Amino acid sequence: MKYNIPRGTFDILPQTSYKWQFVMDSFRKIAASFGYKEITTPIFESADLFERSSGESSDVVQKEMYRFTDRKGREFALRPEGTAPVVRSYVENHLDVLSSRTKLFYIGPMFRYDRPQAGRFRQFYQYGIEAIGSNNPYYDAEVIALEMLWLNSLGLQNIRLELNSVGCPTCSAAYDEALRDFYRPQLPQLCPDCQKRFEQKPRRLLDCKVASCKALRQGAPSQLDYLDQPCAEHFAQVQAHLQAMNIPFTLNPGIVRGLDYYSHTAFEFIYEGLGAQNSLAGGGRYNGLIEQIGGKSIPAIGFAGGFERLLLALENEHIDFATCPKPQVYLICLGETARTAILPYLNSLRLWGIAIDFDPDKSSLKAQFKTADTVGARYALIVGDSEIEAKQLNLKDLQSGMQITLPLDNGQALQQFIAQNK
RNA sequence: GUGGGUGUAGUUCAAUGGCAGAGCACCGGAUUGUGGUUCCGGGCGUUGUGGGUUCGACUCCCAUCACCCACCCCA
């Protein structure tokens, strides 16, 4: 029987795993430098957690969740997103009593049953930031700055930050009504999808790609005109902070988050050149979520980004961001006696932290040298029966061709030589 | 869930309905003690799978599966 990997999933193979490690490590560093600490939650949770937080009508809940029932009949789901589990953990573990604000980040796989395409998978890897405990617009700007500065530092310069405010539940509802009032007369001319949007999420009408719907959009009311005083003030402050930080942004009243729990600030990081899925990261404020999940009324803001899309973007820009690790030394053995006698020395070298490779199935000198070249080793360590007898080793620099003789000690001489000739 | 495209060697790709091939990679060899270049040698692959048409199918038809791309939506 031959098996296939499940649809929409992928193996991270050794020829690319170092790139994944690099971007994950890099994200951990930037998050730490902004004062965020890592949290890891299970990859499955009560299905109810996602249904309640994301919203029953959201696509994620309606058609994209991997749900299953366990042996005792409990309903679980593979997590489709990272914020609800983090908030669940925050509430469950009373993280709020430790500090007035809690700065968290996470890295891990998410799952959505979707048709795969460029930059979209059924199991995909996200990084996320959550700043919980404050409604200060500074934090909106801080999490945005973290992402923008990080992407820039990786070498991605042409990133577009699109910013919007979806208001609080009160002014958000007022805006939805205004939109319906605007569209109601032309309802019959809208595309079938938009007819549904009219009922469920009127603001989705604004980014329909059908030409006829685009035309009908002329003169539609803007969310920004419907923000109440506190929401407008908050949004102005967010923009002021971003300007002070020199983070460029464009206002896009069409930014709508897919999950119900968002309020106030909403934003997306766009990179053109990924195919149809051009959003590298997205997020926003979710001041009502913690109370909804059973905690106190605590404000928070965060975002999540996709590693697959980030790697695609780096690839697309031909950015040489990480190099494949290579062994420093390749061991070349001649003769059966030497092959066994060298083993304690080989172990010592590895304990000294020297990356050393060896292929016992290669016998000829030529084949072993070739392998040393293909694995990219800097040095070849050559040992035969005569060297063992003389308690000596030959070390050849494969770049310069120079060869020296070292004592067959506990590995220290070689370790020192490599340290001095970096 | 809907639509379009593609399936041939490890890989990238060839092959009017008439004997399934090449580049790259990989392995071996050119006096088992000094590499990269060069030269020589090494390939029977269920042509994704199952049917059908035909004297004959990689090629045409049907079904199916997988992958890619797009819609919806999102990271």
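Computed from a prediction, not measured in an experiment: that's the story for all the values here. (Residues numbered from 1 in each chain as written. Chains lettered and ligands numbered in written order. Predicted model: local features only at pLDDT ≥ 70, side-chain atom pairs only at ≥ 80, totals over all residues. Heavy atoms only, no water.)

**Points about the overall build of chain A**
- Looking only at helices and strands, one finds 16 helices and 16 strands in chain A.
- Since a compact globule built from 422 residues should have a radius of gyration of about 22 Å, the 28 Å found for chain A marks it as more spread out than a globular shape.
- Counting across all 422 residues of chain A, residues that qualify as buried make up 50%.
- In chain A, the proportion of contacts linking residues at least 24 apart, taken out of those at least 6 apart, comes to 69%.
- By element, 51% of the accessible surface of chain A is carried by carbon and sulfur atoms, the whole surface being about 21000 Å².
- Computed over 45 positive and 47 negative side-chain charges, the separation of the two mean positions in chain A equals 3 Å. (Helix = DSSP H or I, 4+ residues; strand = E, 2+ residues; numbered from the N terminus. Rg over C-alpha atoms; globule rule 2.2 N^0.38 Å. Buried < 20%, exposed > 50% of the residue type's maximum accessible area, 1.4 Å probe, protein only. Contact = heavy atoms within 4.5 Å. Areas by Shrake-Rupley, 256 points an atom, 1.4 Å probe, with all protein chains shown as cover. Lys, Arg positive; Asp, Glu negative; His and termini not counted. Charge placed at Lys NZ, Arg CZ, Asp CG, Glu CD.)

**Points about the sheet that holds strand E12 (residues 329-334)**
- The sheet built from five strands is open, its strands ordered E13-E12-E14-E15-E16 with mixed pairing. Strands with a single pairing partner mark the edges of an open sheet, and in this sheet they are strand E13 (356-357) and strand E16 (403-407).
- Relative to strand E15 (residues 392-397), strand E14 (residues 379-384) runs antiparallel, the two sharing four bridges. Bridge pairing links Tyr379 to Asp397 in E15. (Pairing = 2+ DSSP bridges.)

**Some points on the confidence of the model for chain A**
- Per-residue pLDDT for chain A averages 90, and the proportion of residues at 70 or more is 100%.
- Taken element by element, chain A is modelled with least confidence in helix H8 (residues 211-216), mean pLDDT 74, and with most confidence in strand E1 (residues 37-38), mean pLDDT 98. (pLDDT = per-residue confidence, 0-100.)

**Examining the packing of aromatic side chains**
- Scanning the model with the defined rule gives 24 aromatic pairs in all.
- Seen from their ring centres, Tyr379 and Phe417 are 5.9 Å apart, and the 70 degrees between their planes marks the pair as edge-to-face. Here the residue Tyr379 occupies a position in strand E14, and Phe417 occupies one in helix H16 (residues 412-420), the gap between them amounting to 38 residues.
- Taking the relative accessible area as the measure of exposure, Tyr379 reaches 4% and is therefore buried.
- Every member of this aromatic cluster is reached through a ring pair, and the members are Phe10, Trp20, Phe27, Phe105, Phe121, Tyr125, Tyr127, Trp150, Phe267, Phe269, Phe303 and Phe307.
- Of note, Arg122 hangs over the ring of Tyr113, and the distance from its end group to the ring centre comes to 4.0 Å. (Phe/Tyr/Trp six-rings, centres within 6.5 Å; stacked < 30°, edge-to-face > 60°. Lys NZ or Arg CZ within 6 Å of the ring centre and 35° of its normal.)

**Description of the protein's contact with RNA strand B**
- Inspection of the region around RNA strand B gives 45 residues, with Arg115, Arg120, Arg204, Gly258 and Asp373 positioned closest.
- Of what RNA strand B places within 4 Å of the protein, 51% of the atoms are sugar or phosphate.
- Elements with a minimum of two residues in the surface near RNA strand B: helix H3 (59-63), strand E6 (123-132), strand E10 (279-285), strand E11 (300-306), helix H14 (365-374), E14, helix H15 (385-390) and E15.
- By residue class, the composition of the surface near RNA strand B is twelve nonpolar, 14 polar and 19 charged. (Near = heavy atom within 4 Å. Nonpolar A, V, L, I, M, F, W, Y, C, P; charged D, E, K, R; others polar.)

**So, the nonpolar core**
- Phe27, Phe269 and Phe307 are the most contacted members of the largest nonpolar core, which totals 53 residues.
- Sorting elements by how many residues they give to this core places helix H5 (residues 137-154) first, with ten residues.
- Contact partners of Phe27, with chain neighbours within four places excluded, come to Phe105, Tyr106, Ile107, Tyr127, Gly128, Ile129, Leu146 and Trp150.
- Ala77, Ala84, Leu95 and Phe124 belong to the second-largest nonpolar core, a separate cluster that totals 28 residues. (Core = buried A, V, L, I, M, F, W, Y, C linked by side-chain atoms within 4.5 Å.)

**Digging into unusual backbone geometry**
- The phi torsion at His94 lies on the positive side, around 50 degrees, for a residue other than glycine.
- Considering the arrangement of structural elements, one finds His94 in the loop between helix H4 (83-92) and strand E5 (102-111).
- Here the phi dihedral of His318 falls at roughly 55 degrees; this positive angle occurs in a residue that is not glycine.

**Examining a nonpolar patch on the surface**
- A surface patch of nonpolar side chains, about 240 Å² in accessible area, is lined by Ile43, Phe44 and Phe68.
- The topology assignment puts Ile43 in the loop between E1 and strand E2 (44-46).
- With a relative accessible area of 36%, Ile43 lands in the partly exposed category. (Patch = residues over 30% accessible without salt bridge, like charges linked within 9 Å, V, L, I, M, F, W, Y side chains within 5 Å. Salt bridge = Lys/Arg side-chain N within 4 Å of Asp/Glu carboxyl O.)

**Some points on the sheet that holds strand E4 (residues 75-78)**
- The three strands lie next to each other as E2-E4-E3, forming an open sheet whose pairing is antiparallel. Taken across any chain shown, the strands that pair with only one partner, and hence form the sheet edges, are E2 and strand E3 (66-69). Each strand of the sheet is rotated relative to its neighbour by a mean of 35 degrees, with strand direction disregarded.
- Helix H2 (residues 47-54) contacts E2, E3 and E4 of the sheet and is inclined by roughly 75 degrees relative to E2. (Axes fitted to C-alpha atoms, helices over the stretch in contact; angles between N-to-C directions.)

**Considering the pattern of salt bridges**
- In the structure shown here, the tally under the stated rule is 21 salt bridges.
- A salt bridge links Lys103 to Glu142, with the shortest nitrogen-to-oxygen separation between them at 3.1 Å. Of this pair, Lys103 sits in strand E5 while Glu142 sits in helix H5, and the two are 39 residues apart along the sequence.
- Judged by relative accessible area, which is 11%, Lys103 ranks as buried.
- Assessed through its relative accessible area of 4%, Glu142 is described here as buried.
- The residue Asp176 makes a salt bridge to Arg203 at a minimum N-O spacing of 2.9 Å. You can see Asp176 sitting in helix H6 (residues 169-183) and its partner Arg203 sitting in the loop between helix H7 (192-200) and H8, a full 27 residues away along the chain. Each of the two residues, Asp176 as well as Arg203, counts as buried.
- One continuous salt-bridge network, built from bridges that share partners, spans Asp25, Arg28 and Glu38.

**Considerations on the domain arrangement of chain A**
- Each domain of chain A was delimited in the assignment, giving domain 1 (14-168 + 228-316) and domain 2 (329-420).
- Just the C-alpha atoms count here: the centres of domain 1 and domain 2 sit 49 Å apart. (Domains from an automatic or database assignment.)

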